[in-house]
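Residue-level listing of the chains:
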Amino acid sequence: HLLEEFEALRARCEISTTDRDNALEAARAEAEGLRTAAADEWERRRVAEAATEKMEIESQSTVQGLEKRVAGVDVCLAEAEARLVSATAERDALEERLALVDAERDASDAERAA
């Protein structure tokens, strides 16, 4: 009878050891899975941060390029305005000369008529 109890107890201990080994292996596998997931998440974040930094640099470069283009347009606009002022002054001078020529012609016509 004692031998049967001893065998039953030993069998339960073997089952407990097997269960413990299985639980330990499952815990190791879970820990490894968590380590892998953490490493993957870290890599994903690193890649996302690098992409964000690259986009910020590209955006800054684009903004600087646009600012240069706007400055160029401002220069062109200032030059066009200066040409317009000059052309307007030339037109006004020509209109004055034309008025003088018209006045001289009218005076000459008046002298011939008299």
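Everything that follows concerns the structure shown earlier in this document.
Summarised in this report is the structure supplied together with it. (Residues numbered from 1 in each chain as written. Predicted model: local features only at pLDDT ≥ 70, side-chain atom pairs only at ≥ 80, totals over all residues. Heavy atoms only, no water.)

1. What about the overall build of the protein chain?
So, step 1. Scanning the protein chain from terminus to terminus reveals 1 helix and 0 strands.
So, step 2. What you see for the protein chain is a C-alpha radius of gyration of 48 Å, clearly larger than the 13 Å of a compact globule of 114 residues, by over 25%.
So, step 3. Across its three principal directions, the C-alpha atoms of the protein chain cover 165 × 20 × 5 Å.
So, step 4. Looking at the 114 residues of the protein chain, the share that counts as buried comes to 0%.
So, step 5. Summed over its atoms, the accessible surface of the protein chain is roughly 10300 Å², and 60% of this surface lies on carbon and sulfur atoms.
So, step 6. Distance from the positive charge centre (16 side chains) to the negative charge centre (29 side chains) of the protein chain: 4 Å. (Helix = DSSP H or I, 4+ residues; strand = E, 2+ residues; numbered from the N terminus. Rg over C-alpha atoms; globule rule 2.2 N^0.38 Å. Buried < 20%, exposed > 50% of the residue type's maximum accessible area, 1.4 Å probe, protein only. Areas by Shrake-Rupley, 256 points an atom, 1.4 Å probe, with all protein chains shown as cover. Lys, Arg positive; Asp, Glu negative; His and termini not counted. Charge placed at Lys NZ, Arg CZ, Asp CG, Glu CD.)

2. Describing the pattern of salt bridges
So, step 1. A complete count under the given rule lists 11 salt bridges for this structure.
So, step 2. With a closest N to O distance of 2.6 Å, E41 and R44 form a salt bridge. Residue E41 and its partner R44 are located together in helix 1 (residues 2-113), separated by 3 residues, close to a single helical turn.
So, step 3. Here E41 falls in the partly exposed class, since its relative accessible area comes to 28%.
So, step 4. One salt bridge in this structure joins D92 and R91, with 3.2 Å as the shortest N-O distance. (Salt bridge = Lys/Arg side-chain N within 4 Å of Asp/Glu carboxyl O.)

3. A short note on the environment of K68
So, step 1. Secondary-structure assignment places K68 in helix 1.
So, step 2. Among the residues examined, K68 registers a relative accessible area of 65% and is labelled exposed.
So, step 3. For the pair formed by K68 and E4, sequence separation is 64 residues and the distance between their alpha carbons is 95 Å.

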